[in-house]
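Here is how the chains run, residue by residue.
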Amino acid sequence: MQMLDTWMERRFQKILAAILIVAAALYAVFALKSHVWADEAYSFALIRHSYAGIWKITAADSHPPLFYFLMKTLTAPFGYNLYAARLAASIPCLAVIALGGIQLRKLFGTRTAVFFMVLYTLYPFLMTYTTEVRMYSIAELGIMVNAIFAYRCWKWDKKRDWAIFAIGGLTAAYSHYFALVSAGLIYGLLFILALCKKRSLLKNWLFASIATILVYLPWLGNLISQLIFKANNVYWIDPITPSTIVSYVMDVFSADAMMLYPLFLGSAYLVAFISVVASRDRESIGLSLCALAIPLGTIAVGVIASLLLRPVFVIRYVVPSLPLIVLFFAYALGRMKNEMLISSLLTVALIGGVNNVATTAK
């Protein structure tokens, strides 16, 4: 493994470029699909309005406007072409790969960075949303920026990092309401950690939080009115039951036409978590728990809200925070010493993505 680490270190820029090229090629193939489902059709109809019209219409719907603004800007020159729209939707995913590669290398080393880029590109459940004409990809980018720069703020407390941290949070909040939940969990987790262990961060955390709230204020009234409407009217989402929770796990770890794959991939992630805990390294355990807390917390908020009020959550709403699960897995593999275990877990994690590429390309 030492030889591989040295090889990746020396050729990192070429590896980064190669992964981006492969990912872009995959997205170009995925974008060829012609099937358009109802929500995508809604996106196409909405982006044909003016920017002011988009704001007004979506204010009475159920999503913030950032994605629609982005799609209108990128697709209008091409006549709102379906293929152009799907390619435009994939651009934030390429940004996630580049951001993960560059920033994770600085924070956790080259091996973790390379593992993240490959694992994210070939994570089966996320591949479904790379070219969907919806807001999941831009929300993923917002959460990744928010999470990575939260850690940079924790380590170095630089004003530039706090500014980018807030930009990431706002990108998520203006993209999808459950991305807002995920970003809120990141803000909250950073506050708790700062309050308990590093109070010197609280001043800058407060400034970043106030700035985020102020920039989000123009949309806050729409959010509140939509929440009131959903709480008092029939909504399209089915009630959550124990079988629904099981289906969430199956979906997140699923791959096309591979019935047992959720069991294998879920087991691989469990082994990775056990290996981190067994290391008894408090920093590694803490980082892993923080990465996992965001998607798991988002699901918990969705389930609790659905049980106490009315159903408002489906599993695709956790997509914006799922790259953090991939980050955890890459981080865990990056710290393992057992080469056979690393190879085995990587094989399990990647085979589902390879399968999805094969089935999509048919």
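Preceding block: the structure.
Fair warning: this is a prediction, and the values are worked out from it, not measured in the lab.

**Q** How should I be thinking about the overall build of the protein in this particular structure?
**A** Looking only at helices and strands, one finds 17 helices and zero strands in the protein. Within the protein, the proportion of its 362 residues that are buried is 51%. Considering only residue pairs separated by 6 or more positions, the protein has 77% of its internal contacts joining residues 24 or more positions apart. In the structure as shown, the protein presents an accessible area of about 16,800 Å², 70% of it carried by carbon and sulfur atoms.

**Q** How do you make sense of the pattern of salt bridges when you look at a structure like this?
**A** Side-chain pairs of opposite charge can arise whenever the charged atoms involved come near each other. By the definition in use, this model includes seven salt bridges. In this structure, Arg111 engages Asp5 in a salt bridge whose closest nitrogen and oxygen atoms are separated by 2.8 Å. Taken together, the positions of Arg111 in helix H7 (residues 110-121) and Asp5 in helix H1 (residues 2-10) put the pair 106 residues apart, joining distant regions of the chain. For Arg316, the salt bridge identified is with Asp39, shortest N-O distance 3.8 Å. You can see Arg316 sitting in the loop between helix H15 (282-308) and helix H16 (323-335) and its partner Asp39 sitting in helix H3 (residues 38-46), a full 277 residues away along the chain. Under the relative-accessibility criterion, Arg316 is labelled buried at 15%. A network of salt bridges, in which partner residues are shared, links Asp39, Arg134 and Arg316.

**Q** So what exactly am I meant to see when it comes to the packing of helix H9 (residues 136-156) against helix H10 (residues 159-173) here?
**A** The description of two packed helices rests on the angle between their axes and on the distance between the axes. Put simply, H9 and H10 touch, their axes get as near as 7 Å, and they point 155° apart. Between H9 and H10, the crossing angle belongs to the class labelled roughly antiparallel. In terms of crossing hand, the pair formed by H9 and H10 is left-handed. Between H9, through Ile138, Ala139, Gly142, Ile143, Val145, Asn146, Phe149, Ala150, Arg152, Cys153 and Trp156, and H10, the contact on the second element is made entirely by Arg160, Asp161, Trp162, Ile164, Phe165, Gly168, Gly169, Thr171 and Ala172. Residue classes in the contact of H9 with H10 are distributed as 12 nonpolar, five polar and three charged.

**Q** Please explain the packing of aromatic side chains as it appears in this structure.
**A** Aromatic ring pairs are reported here in terms of the distance separating the ring centres and the angle at which the planes meet. Counted by the stated rule, this structure contains 21 aromatic pairs. For the ring pair Phe116 and Tyr120, a centre distance of 5.8 Å and an interplane angle of 15° mean the geometry is stacked. Residue Phe116 and its partner Tyr120 are both found in helix H7; the two are separated by four residues, about one turn of the helix. The residues Phe116 and Tyr120 share a single accessibility class, namely buried. With 4.5 Å between their ring centres and 40° between their planes, Phe165 and Tyr187 make a pair best called tilted. Residue Phe165 is located in helix H10, and its partner Tyr187 is located in helix H11 (residues 177-197); the two are separated by 22 residues in the primary sequence.

**Q** Got a minute to help me understand the nonpolar core in this structure?
**A** Side chains of a nonpolar character, in soluble globular proteins, are inclined to be buried together. Phe116, Phe165 and Phe329 are the most contacted members of the largest nonpolar core, which totals 110 residues. Of the residues forming this core, the biggest block, 13 residues, is contributed by H9. Beyond its immediate sequence surroundings of up to four residues, Phe329 is in contact with Leu119, Ala268, Tyr269, Ala272, Leu345 and Ala349. Ala59, Leu170, Tyr216 and Leu223 belong to the second largest nonpolar core, which has eight residues in total.

**Q** Looking at this structure, I do not really get a nonpolar patch on the surface. What am I missing?
**A** Together, Leu206, Ile210, Ile213, Leu214, Val215 and Leu217 line one region of the surface with nonpolar side chains, adding up to about 530 Å² of accessible area. Mapped onto the fold, Ile213 is located in helix H12 (residues 202-232).

**Q** Explain the side chain of Thr171 to me, please; I cannot follow it from the model alone.
**A** By the secondary structure assignment, Thr171 is in helix H10. With a relative accessible area of 18%, Thr171 lands in the buried category. Among the polar contacts made by the side chain of Thr171, one reaches the main-chain carbonyl oxygen of Ile167 at a distance of 2.8 Å. Every residue in contact with Thr171, bar those within four places of it in the chain, is listed here: Leu66, Ile138 and Gly142.

**Q** In this structure, what is going on with the packing of helix H6 (residues 82-108) against H7? I would like to understand it.
**A** As a packed pair, H6 and H7 sit with axes 7 Å apart at the nearest point and diverge in direction by 160°. Between H6 and H7, the crossing angle belongs to the class labelled roughly antiparallel. H6 and H7 meet at a crossing whose hand is right-handed. Of H7, the residues touching H6 (which contributes Cys93, Val96, Ile97, Gly100, Gly101, Leu104, Arg105 and Phe108) are Thr110, Thr112, Ala113, Phe116, Met117, Tyr120 and Thr121. In the contact of H6 with H7, the residues fall into nine nonpolar, five polar and one charged.

The rules behind each value
- Residues numbered from 1 in each chain as written.
- Predicted model: local features only at pLDDT ≥ 70, side-chain atom pairs only at ≥ 80, totals over all residues.
- Heavy atoms only, no water.
- Helix = DSSP H or I, 4+ residues; strand = E, 2+ residues; numbered from the N terminus.
- Buried < 20%, exposed > 50% of the residue type's maximum accessible area, 1.4 Å probe, protein only.
- Contact = heavy atoms within 4.5 Å.
- Areas by Shrake-Rupley, 256 points an atom, 1.4 Å probe, with all protein chains shown as cover.
- Salt bridge = Lys/Arg side-chain N within 4 Å of Asp/Glu carboxyl O.
- Axes fitted to C-alpha atoms, helices over the stretch in contact; angles between N-to-C directions.
- Parallel < 35°, antiparallel > 145°, perpendicular 65-115°, else oblique.
- Left-handed = near helix turned anticlockwise from the far one by under 90°.
- Nonpolar A, V, L, I, M, F, W, Y, C, P; charged D, E, K, R; others polar.
- Phe/Tyr/Trp six-rings, centres within 6.5 Å; stacked < 30°, edge-to-face > 60°.
- Core = buried A, V, L, I, M, F, W, Y, C linked by side-chain atoms within 4.5 Å.
- Patch = residues over 30% accessible without salt bridge, like charges linked within 9 Å, V, L, I, M, F, W, Y side chains within 5 Å.
- Polar contact = N/O pair within 3.5 Å; in protein donor to acceptor, adjacent residues only side chain to side chain.

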